[in-house]
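Chain and residue survey
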Amino acid sequence: MAEKVKFPTLNGEVEEKENNEKEPQEGLIELTIDEADAGSRLDKYICAKLDISRKRASDLLDEGRILVNGKPLKASGKVWANDKVQVDMPPAVSLEVLPEDIPLDVVYEDEDVIVINKPKGMVVHPAPGHTSGTLVNALLYHCKDLSGINGVMRPGIVHRIDKDTSGLIVAAKNDKAHEALSAQLASKECSRQYLAIVHKPFSHTVGTVNAPIGRDEKDRQKMAVTDKNAKEAVTHFTVLENFKNFAYIECKLETGRTHQIRVHMAFIGHPIAGDPKYGPRKTLPTQGQLLHAHILEFKHPKDGRFMHFEASPDQEFLSVLEELRSEQQN
């Protein structure tokens, strides 16, 4: 019988909502510094509390939109217990997202949902400074009708996968379908399984990483296992093959946090090969992480039919896998 391995769990905030991103805040935000944050730099405190980048916090400070006890303070200034911080957060600027004739690998489509096998290198939804060439641009051209729940920047997007992660993703073509799929994600009825090549072979065959994930305090562009401003994150994995310096694994998500598999595998000492953000510099020569969403399961939002989809990894992934197998035999 395979050994079941569980890794250490930090105390973190448990939240059932699957969406990894906070709703954008705007208007006057009032904060009071508590003892735990006393002595913090103002910019770092603002980044952590509002979950914004250092650049965004710096811009707000430069624009005079952040006051401490009614007065401006430098980014490096310290805040102390019971200080009153006011942030005048301007409303987000809506960007126009245009349909683009970009080829899509459509695995399934009907009047309610569309399932795509997303290629590595494609961003899922637009963001300021990157408003073209995304999956959303392609979906707007292909579908003409998408759920409007996530607004102009993310129409139809129920869940997402990273730019350099390939594989299956479902989008909703109307609001009712979007709500039903989101509810399945929240209740963990929607199943997502990934294939990955990671550093270092394993001594066991199955495991579970149960460790909360939040924004990395040292690098706002990264996520990390942490007990500060974190959410529950659970990843189950099975070792499919071991090689001399790598392993081929399958991961099943129980939650859907930003960069979850990448963060969890790095946390247990098996970072995903080719991952430029969480892996070592000396790795396999690939364009981004070798991570592929190969199974997606959910109930059809209209009639409850069980839907099962599978997609094989791309040629780069398969070629690396064959090379590792060949080296193992020699």
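Small disclaimer: the values here were computed from a predicted structure and weren't measured. Throughout this description, residue numbers start from 1 for each chain and increase along the sequence as written. Reporting of local features is limited, given that this is a predicted model, to residues whose pLDDT is at least 70; pairs of side-chain atoms are given and counted only at 80 or more, and all residues count toward the totals for whole chains, interfaces and linings. No hydrogens and no water enter the side-chain calculation; it runs on all heavy atoms of the structure.

1. Overview of the overall build of the chain
Within the chain, the regular secondary structure consists of 6 helices and 17 strands. C-alpha atoms define the radius of gyration, and 2.2 Å times the number of residues to the power 0.38 defines the globule rule. Rg of the C-alpha trace for the chain: 21 Å, near the compact-globule value of 20 Å for 330 residues, within the 12% margin. Its C-alpha atoms put the chain at 65 × 45 × 35 Å along the principal axes. Scored against the burial criterion, the 330 residues of the chain give a buried share of 47%. The secondary structure listing takes helices from DSSP runs of H or I that are at least 4 residues long and strands from runs of E that are at least 2 residues long, numbered from the N terminus. Burial here depends on accessible area, computed with a 1.4 Å probe over protein chains only, as a share of the maximum for the residue type. Under 20% is buried, over 50% is exposed, and the range in between is partly exposed.

2. Digging into the packing of helix 1 (residues 42–50) against helix 2 (residues 54–62)
Helix axes are fitted to C-alpha atoms over the stretch in contact, other axes to C-alpha atoms as well, and angles between N-to-C directions run from 0 to 180 degrees. In contact at an axis separation of 9 Å, helix 1 and helix 2 are set at 120° when each is read in the N-to-C sense. Classified by the angle their axes make, helix 1 and helix 2 are oblique. As helix 1 packs across helix 2, the resulting crossing turns out to be right-handed. Counted together, Leu42, Asp43, Lys44, Ile46 and Cys47 of helix 1 and Arg54, Ala57 and Leu61 of helix 2 form the full contact between these two elements. Each residue is assigned to one of three groups, with Ala, Val, Leu, Ile, Met, Phe, Trp, Tyr, Cys and Pro labelled nonpolar, Asp, Glu, Lys and Arg labelled charged, and all others, Gly among them, labelled polar. The residue makeup of the contact of helix 1 with helix 2, split by class, is 5 nonpolar, no polar and 3 charged. Comment on the angle field: the value is read as roughly parallel under 35 degrees, roughly antiparallel over 145, roughly perpendicular from 65 to 115, and oblique elsewhere. Helix crossings are classified by the rotation of the near helix relative to the far one: an anticlockwise turn of less than a right angle makes the crossing left-handed, while a clockwise turn makes it right-handed. Here, two residues are considered to be in contact whenever any of their heavy atoms come within 4.5 Å of each other.

3. A closer look at the pairing of strand 16 (residues 291–299)
Of all 9 residues in strand 16, 8 are buried, a share of seventy percent or more. In this sheet, strand 16 lies alongside strand 10 (residues 191–199) in antiparallel orientation, the contact comprising 6 bridges. Residue pairing across strands places Gln193 opposite Ile295, the latter belonging to strand 16. Sheet analysis places strand 16 next to strand 17 (residues 306–310), joined by 5 bridges and oriented antiparallel. Counted as the bridge partner of Leu296 is Phe309 from strand 17. At least two DSSP bridges between two strands are required for those strands to pair.

4. Examining the sheet that holds strand 2 (residues 27–32)
In space, the 3 strands of this open sheet follow the order 2-6-4, with antiparallel pairing throughout. Edge strands, defined here as strands with exactly one partner in the open sheet, are strand 2 and strand 4 (66–68). Strand-to-strand, the axes of this sheet are offset by a mean angle of 15°, without reference to chain direction. Strand direction decides the pairing type here: strand 4 and strand 6 (residues 84–89), joined by 3 bridges, are antiparallel. In the strand pairing of strand 6, Ile66 is matched with Val87. Here helix 2 sits on the sheet and contacts strand 4 and strand 6; the angle it forms with strand 6, its principal contact strand, is near 95°.

5. Comments concerning the confidence of the model for the chain
Confidence of the predictor at the level of single residues is captured by pLDDT, which takes values from 0 to 100. In this model, the chain carries an average pLDDT of 88, and 91% of its residues clear a pLDDT of 70 or more. Low pLDDT, under 50, characterises residues 1–24; the stretch is placed with 61 contacts to residues that sit more than four places away or in other chains.

6. Thoughts on the pairing of strand 9 (residues 166–172)
When you tally the buried positions in strand 9, you get 7 out of 7 residues, the bulk of the element. Taken together, the 6 bridges between strand 8 (residues 113–118) and strand 9 define a ladder with antiparallel strand orientation. Note on strand 9: the bridge partner recorded for Ile114 is Ala171. Here strand 9 pairs with strand 16 via 2 bridges, running parallel.

7. Details of the side chain of Gln289
Looking at the element boundaries, Gln289 is found in the loop between helix 5 (260–267) and strand 16. Residues contacting Gln289, with those up to four places away along its chain left out, are Lys120, Asp162, Asp164, Thr165, Arg262, Ile272, Ala273, Gly274, Asp275 and Pro276.

8. Considering the nonpolar core
The biggest cluster of nonpolar side chains holds 39 residues, and the ones touching the most others in it are Leu139, Tyr194, Phe202, Ile249, Ile261 and Met265. If we ignore the near neighbours within four places in the chain, the residues touching Ile261 are Tyr194, Thr235, Cys251, Leu253, Ile272 and Leu291. As used in this record, nonpolar core signifies buried Ala, Val, Leu, Ile, Met, Phe, Trp, Tyr and Cys residues forming a set joined through side-chain atoms within 4.5 Å. Counting 18 residues, the second largest nonpolar core, distinct from the first, contains Ile29, Ile66, Val68 and Met89.

9. As for helix 3 (residues 135–143)
Buried residues of helix 3: Leu135, Val136, Asn137, Ala138, Leu139 and Cys143, and no others. On the buried face of helix 3, the contacting elements are strand 7 (106–109), strand 8 and strand 9.

10. Thoughts on the pattern of salt bridges
Criterion for a salt bridge: a side-chain nitrogen of Lys or Arg within 4 Å of a carboxyl oxygen of Asp or Glu. Under the counting rule described, the total for this entry stands at 17 salt bridges. The closest approach of N and O atoms between Lys120 and Glu316, which form a salt bridge, is 2.8 Å. Note that Lys120 is positioned in the loop between strand 8 and helix 3 and Glu316 in helix 6 (residues 315–329), a separation of 196 residues in sequence. Under the relative-accessibility criterion, Glu316 is labelled partly exposed at 25%. Across the pair Arg325 and Glu322 runs a salt bridge, and its minimum N-O distance is 2.6 Å.

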